[in-house]
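Read off the chains here:
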Amino acid sequence: MNQPIKLSLEQEFSIRSFADQVQQMSREQAQEFLLMLYKQMMIRETTYKELLKHEWKLDSGAISG
């Protein structure tokens, strides 16, 4: 069975701090922020795929997204 990934104490603190910030947001601010985070996640995923394709010298169809 896979072990869950453990976060560092700094990461745990960052999550708590982030949670405090989110609590202060309006619904509209939170929705806008979630959309921004989702876009950043997609950009990061695409960047990783491009880096892997370059590193492994794969053609564009090898890693689908």
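Each chain has its residues counted from 1, running along the sequence as written. Since the coordinates come from a predicted model, pLDDT governs what is reported: local features require at least 70, and pairs of side-chain atoms require 80 or more to be given and counted, while whole-chain, interface and lining totals use all residues. To get the side-chain values, take all heavy atoms of the structure and skip hydrogens and water.

The name an unreviewed UniProt entry gives the chain is NblA/ycf18 family protein, with Nostoc linckia FACHB-391 as the organism.

Now for the overall build of the chain. Helical segments are the DSSP runs of H or I of at least four residues, strand segments are the runs of E of at least two, and each set is numbered from the N terminus. Check the secondary structure of the chain and you find 2 helices and 0 strands. Relative accessibility thresholds used throughout: buried, under 20% of the residue-type maximum; exposed, over 50%; partly exposed, between the two (1.4 Å probe, protein chains only). Considering the chain as a whole, with its 65 residues, one finds that 3% of them fall into the buried category. Here the open area of atoms and residues is found with the Shrake-Rupley method and a 1.4 Å probe, where only the protein chains shown may cover a residue. Total accessible area on the chain stands at roughly 6,700 Å², and carbon and sulfur atoms take up 57% of it.

The next point concerns a nonpolar patch on the surface. Two joining distances apply to patches: 9 Å for like charges and 5 Å for nonpolar side chains (Val, Leu, Ile, Met, Phe, Trp, Tyr), and every residue must have over 30% relative accessible area and no salt bridge. Criterion for a salt bridge: a side-chain nitrogen of Lys or Arg within 4 Å of a carboxyl oxygen of Asp or Glu. Judged by side-chain polarity, Tyr-38, Met-41 and Met-42 come together as a nonpolar surface patch covering roughly 350 Å² of accessible area. Turning to its location among the elements, Met-42 is positioned in helix H2 (residues 27-56). A residue is classified by how much of its surface remains accessible, and Met-42, at 44% relative accessible area, is partly exposed.

The subject of this paragraph is the pattern of salt bridges. In total, this model carries 2 salt bridges according to the counting rule given. Lys-53 is paired through a salt bridge with Glu-50; the nearest N and O atoms lie 2.9 Å apart. Of this pair, Lys-53 and Glu-50 are both found in helix H2, 3 residues apart, which corresponds to roughly one turn of the helix.

Looking now at H2. Here a helix's expected span is defined as the number of its residues, less one, multiplied by 1.5 Å. In this model, H2 (30 residues) spans 43 Å end to end at C-alpha, consistent with the 44 Å of a helix rising 1.5 Å per residue. Of the residues trailing H2, Lys-57 is marked for its positive phi of about 55°.

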